[in-house]
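The primary structure of each chain is shown beneath.
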Amino acid sequence: MGSIRDYFGNITSALGTTAKGMSVTLRHFTSEPPITVMYPHETKPVPPTYRGMHILEQEKCIDCHLCAKACPVDCIEIEAEHHGRKLEWEKFSIDYKKCIFCEFCIPPCPVDCIHMTSEYEMATDSNDDMVEDLLTWTGLRPEDQAALDGKPTAVQAKKQQESKKGGADKAAQIAAIKARLKKGS
Ligand code: SF4
Ligand code: SF4
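**Q** Lay out the site of ligand 1 with the relevant residues and their values.
**A** Lining the immediate environment of ligand 1, one finds 13 residues, of which Cys71, Cys99, Cys102, Phe104 and Cys105 sit closest. In terms of residue class, the shell around ligand 1 is built from twelve nonpolar, no polar and one charged.

Okay, structure coming up:
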């Protein structure tokens, strides 16, 4: 008799435990917002301190090579001909196969013309495509471009409307990116 009671007791206990687990699942399923980001159609905001691909303000660069000399993996190549004070640029490239995103190349620049952006999408199936010429690279992320232009992107503006706090956070992020891009700090 005792074993029959144990048998049905175990079944009741198992059903109760399953129902309890499913209620937690159901509660999260119905009340929590989805956390999946549908990359690449959606992306998460990049922290302002993120060290991504470089941009060069070519018109300010004086071809001093201090950035290249500071690079611990020797991945910056610069070629320019000097015609008096005028520079004829041939190459300012970074080999992203070697770059370790250490940011050592930024502080030595005497004219603050090389910066790190929040761009990280550089996946490719070609080694050659991993060498980026900063004289022609225009792949700035919308948020970095907007930061340089001093205005939020459409997505940022929408998020700012949706959440006052979120908007304040985003504005702070934009300000930080702008400061970083402009000062290279
Ligand atoms: S981030 Fe570091 S490794 Fe990359 S180019 Fe600059 S100094 Fe070199
Ligand atoms: S340190 Fe600055 S100015 Fe000198 S070559 Fe590099 S980017 Fe140009």
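**Q** Give a detailed account of the pairing of strand 3 (residues 86-95), specifying residues and quantitative values.
**A** Relative to strand 3, strand 2 (residues 76-83) is paired through eight bridges, and the arrangement is antiparallel. Across the sheet, the residue bridging to Ala80 is Trp89, located in strand 3. Linking two consecutive strands that pair antiparallel, namely strand 2 and strand 3, is a turn of two residues; a positive phi of about 65 degrees is found at Gly84 within it. One ladder, built from three bridges, connects strand 3 with strand 5 (residues 131-133); its direction is antiparallel. Opposite Ser93, over in strand 5, you have Asp133 as the bridge partner.

**Q** Account for the site of ligand 2, with residues named and values stated.
**A** Taken together, 13 residues sit near ligand 2, with Cys61, Cys64, Leu66, Cys67 and Cys109 positioned nearest. Among the residues making up the shell around ligand 2, the classes are represented as eleven nonpolar, one polar and one charged.

**Q** Residues and numbers for the environment of Cys71, please.
**A** If you trace the backbone, Cys71 turns up in the loop between helix 2 (66-70) and strand 2. Along the chain, Cys71 and Glu103 lie 32 residues apart, while their C-alpha atoms are 8.5 Å from each other. Ignoring sequence-local partners within four residues, the contact set of Cys71 consists of Ile76, Phe104 and Cys105.

**Q** So what about the sheet that holds strand 3? Which residues, and what values?
**A** Read from one edge to the other, the open sheet built from three strands follows the order 2-3-5, with strand pairing classed as antiparallel. Edge positions in the sheet fall to strand 2 and strand 5, since each has one partner strand and no second. Between one strand axis and the next, the sheet turns by 15 degrees as a mean value, whatever way the strands run.

**Q** Describe in detail the confidence of the model for the chain, supporting the description with residues and values.
**A** Model confidence for the chain is summarised by a mean pLDDT of 82, while 74% of its residues fall at 70 or above. Predicted confidence in the chain is weakest over helix 4 (residues 154-162), with a mean pLDDT of 55, and strongest over helix 2, with 97.

Calculation notes
Residues numbered from 1 in each chain as written. Chains lettered and ligands numbered in written order. Predicted model: local features only at pLDDT ≥ 70, side-chain atom pairs only at ≥ 80, totals over all residues. Near = placed C-beta within 6 Å. Nonpolar A, V, L, I, M, F, W, Y, C, P; charged D, E, K, R; others polar. Pairing = 2+ DSSP bridges. Helix = DSSP H or I, 4+ residues; strand = E, 2+ residues; numbered from the N terminus. Contact = placed C-beta atoms within 7 Å. Axes fitted to C-alpha atoms, helices over the stretch in contact; angles between N-to-C directions. pLDDT = per-residue confidence, 0-100.

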